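Spelled out, the chains give:
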Amino acid sequence: MGEVRLVVVAGTTETAAIDGISAAGADPELRVHTPSADLEIVEAGRPAPGSPVPVSPSGCPTPAVVTRAVRELLGPESLPVEFLDAGLDAPSAATVRDLGASTGGDLRDPEPVPEAATVFERARSLAPELAASDGEREAGDDTELLVAETIPGGTTTALGALTALGERAAVSSSLPANPIERKRRVVAEGLDASGIDPGDAADDPIEAVRLAGDPVLAAVAGLIVGCADAGIDVTLAGGTQLAAAAALARHAGVDRPLPLATTSLVADDPTADLPALAADLDLTLAAADPGFGESDHPALTAYARGEAKEGVGMGGALALADRAGVADAAVRDRIAAVTDRLLAERAGIDGEDGRPAANGGGPR
């Protein structure tokens, strides 16, 4: 197995502030910190001082905890990371590459991502550099990019892009009960404001993002196209948001095989219908199931009941752990340990100023 490098594209969108759309933050003020803290957790194992800890009121942690747990089990040097800022609204202490993207607008605005073409092109041109090893390896030489996302509200904007492309209009959610009909109403309002009908952007994926998506989708689609152009192996580490990015890449002319590594929590979600969407887009779907239901730890039981089903590379990280022969029990134990560490630190923060933690991430 060649080197695998995790690339997490992070951003924010005003769509996440719509009532009932996103669980990735206790309120809009805290929600904007979730992706920034996600990167810090994956890189350093904890948010930076002053950053809210992304844990939901029910005790369900952000999927960044799972990705961090796998990095610790494999050894961080065995899973190097790259972070791309595609519209973060709060600074991150993690080491990020700035794509120069602004925060995404409300999907109900006429043009929520005016910079879609620029962000797409910057990410596309960056793909070979991300696949190189400290400038020493030529792009495509046995390096696999594992591309992931973190953006609150991202499943709703993914639904917008899929609808504008004329693809299957179904996405998952970080909530146990997917508010899919509410998301569809938001998308319908957005398309109406933008003056397009479903499928009108089938021949122009950049237009689909500009009028009905978010900047993270633009960046991930650009990375996929850039990897295809350079012959770089890429695996999409995520659920319906990464499938939407794959749809954009397909409509941009990418016809090479595209693996999609997600969790069984998303793959088995009947409201998302991810297996059918993957089949539509000719994606090779793999769904990891680490047996969260076998644990009595509150965080893992929260995952098992359908909270925070995916995000921040969760499914891809679990697939890597399985590929490396790490036992599911070891993965569960490490997730519990990372969560307990974060909860202890959150208790210290709350004891100082009473500020609540942000909710978990995942399909938003």
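Residues numbered from 1 in each chain as written. Predicted model: local features only at pLDDT ≥ 70, side-chain atom pairs only at ≥ 80, totals over all residues. Heavy atoms only, no water.

### Observations concerning the overall build of the protein
For the protein, the count of helices and strands is 14 helices and seven strands. Considering the protein as a whole, with its 364 residues, one finds that 60% of them fall into the buried category. Counting contacts in the protein only where the partners sit at least 6 residues apart, residues at least 24 apart contribute 80% of the total. Surface accessibility of the protein: about 12,600 Å² in total, with carbon and sulfur atoms responsible for 47%. (Helix = DSSP H or I, 4+ residues; strand = E, 2+ residues; numbered from the N terminus. Buried < 20%, exposed > 50% of the residue type's maximum accessible area, 1.4 Å probe, protein only. Contact = heavy atoms within 4.5 Å. Areas by Shrake-Rupley, 256 points an atom, 1.4 Å probe, with all protein chains shown as cover.)

### A few points about helix H4 (residues 116-131)
Relative to the 22 Å expected for 16 residues at 1.5 Å per residue, H4 spans 23 Å between its end C-alpha atoms, a close match to the ideal helical length. Along its length, H4 shows its largest kink, about 30°, at Ser125, and proline Pro128 lies within four residues downstream of that point. For H4, the set of buried residues is Ala116, Val119, Phe120, Ala123, Leu126, Ala127, Leu130 and Ala131. (Expected span 1.5 Å × (residues − 1). Bend = angle between axes of the 7 residues up to and from the residue.)

### Digging into the packing of helix H5 (residues 154-165) against helix H6 (residues 180-194)
In the contact formed by H5 and H6, the axes pass within 9 Å of each other and the chain directions differ by 55°. As the angle between them shows, H5 and H6 are arranged oblique. In this structure, the crossing between H5 and H6 has a hand that is right-handed. Side by side, H5 and H6 meet where Thr155, Thr156, Leu159, Gly160, Thr163 and Ala164 of the first sit next to Ile180, Lys183, Arg184, Val186, Val187 and Leu191 of the second. (Axes fitted to C-alpha atoms, helices over the stretch in contact; angles between N-to-C directions. Parallel < 35°, antiparallel > 145°, perpendicular 65-115°, else oblique. Left-handed = near helix turned anticlockwise from the far one by under 90°.)

### A look at the sheet that holds strand S4 (residues 143-150)
On the basis of which strands lie adjacent, the open sheet formed by seven strands has the order S3-S2-S1-S4-S5-S6-S7 and parallel pairing. Each edge of the sheet is formed by a strand with only one pairing partner; in this case those strands are strand S3 (96-98) and strand S7 (283-288). The average undirected angle you get between the axes of adjacent strands in this sheet is 25°. Relative to the sheet, helix H9 (residues 240-251) contacts S4, strand S5 (233-237), strand S6 (258-263) and S7, its axis offset from that of S6 by approximately 165°. Along the sheet, helix H13 (residues 314-323) contacts strand S1 (3-10), S4, S5, S6 and S7; its crossing angle with S6, the most-contacted strand, is approximately 95°. (Pairing = 2+ DSSP bridges.)

### Side note on the pairing of S4
Burial runs high along S4: eight of the eight residues are buried. Pairing of S1 with S4 involves eight bridges; the strand directions are parallel. Residue pairing across strands places Val7 opposite Val147, the latter belonging to S4. By the bridge criterion, four bridges tie S4 to S5 in an arrangement that is parallel. Counterpart to Leu145 in the pairing with S5 is Val234.

### Considering the nonpolar core
Within the largest apolar cluster, 68 residues are counted, with the highest numbers of intra-cluster contacts made by Val9, Leu84, Leu99, Leu145, Val220, Leu223 and Leu283. It is helix H8 (residues 215-230) that contributes the most residues to this core, 10 residues altogether. When sequence neighbours within four positions are dropped, the list of residues in contact with Leu145 reads Arg5, Val7, Ala127, Leu130, Ala131, Cys227, Ile232, Asp233, Val234 and Thr235. One finds Val8, Val66, Ala94 and Leu265 within the second-largest nonpolar core, a separate group that totals 43 residues. (Core = buried A, V, L, I, M, F, W, Y, C linked by side-chain atoms within 4.5 Å.)

These figures capture arrangement, not role.
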